[in-house]
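# Tertiary structure, described
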Amino acid sequence: MSGWGEAPLVLDLKGVASWDSLAVGAVLSTAKRVMTNGGRFVVAGAPADLLAHFRRIGLERVFQCRETVGQAVEELRSDR
């Protein structure tokens, strides 16, 4: 699929009330696609239980997590 390029992507999960393995798989698949094409992928605002799950399964090594979208965007801008 074209259009993914090297652009960074911030996924805002603020307000997510529930999740399952399919949702986690979709996040991982998107992260891989973005990073394979040279982009950066950051998750923002994920609830504490989802962050704990990401840590348990090792996803904190795959992509970064930030508390807010603003923090994620600021970090991506500073990396340019």
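Look up a bit, the structure's there.
Remember, it's a predicted structure, so these values are computed and weren't measured experimentally. (Residues numbered from 1 in each chain as written. Predicted model: local features only at pLDDT ≥ 70, side-chain atom pairs only at ≥ 80, totals over all residues. Heavy atoms only, no water.)

Here the structure, examined in full by the defined rule, presents 2 aromatic pairs. Ring geometry for F41 and F63: centres 5.3 Å apart, planes at 80°, overall edge-to-face. Here F41, found in strand β2 (residues 41-44), pairs with F63, found in the loop between α2 (48-56) and β3 (64-66); they are 22 residues apart in sequence, far enough to count as distant. With respect to class, F41 is no different from F63; both count as buried. Seen from their ring centres, F54 and F63 are 5.4 Å apart, and the 90° between their planes marks the pair as edge-to-face. Neither residue differs from the other here; F54 and F63 are each classed as buried. Among the aromatic residues, ring-to-ring pairing joins F41, F54 and F63 into one connected group. (Phe/Tyr/Trp six-rings, centres within 6.5 Å; stacked < 30°, edge-to-face > 60°. Helix = DSSP H or I, 4+ residues; strand = E, 2+ residues; numbered from the N terminus. Buried < 20%, exposed > 50% of the residue type's maximum accessible area, 1.4 Å probe, protein only.)

So, on to the pattern of salt bridges. A complete count under the given rule lists 2 salt bridges for this structure. Note that E75 and R40 form a salt bridge whose closest N and O atoms lie 3.2 Å from each other. One end of the pair, E75, is in helix α3 (residues 69-78); the other, R40, is in the loop between α1 (21-36) and β2, and 35 residues separate them in sequence. Given the relative accessible area of 27%, R40 is considered partly exposed. R66 serves as the salt-bridge partner of E75, at 2.6 Å between the closest nitrogen and oxygen. What emerges from the salt-bridge pattern is a single network uniting R40, R66 and E75. (Salt bridge = Lys/Arg side-chain N within 4 Å of Asp/Glu carboxyl O.)

All quantities given are derived from atomic positions and should not be read as evidence of function.
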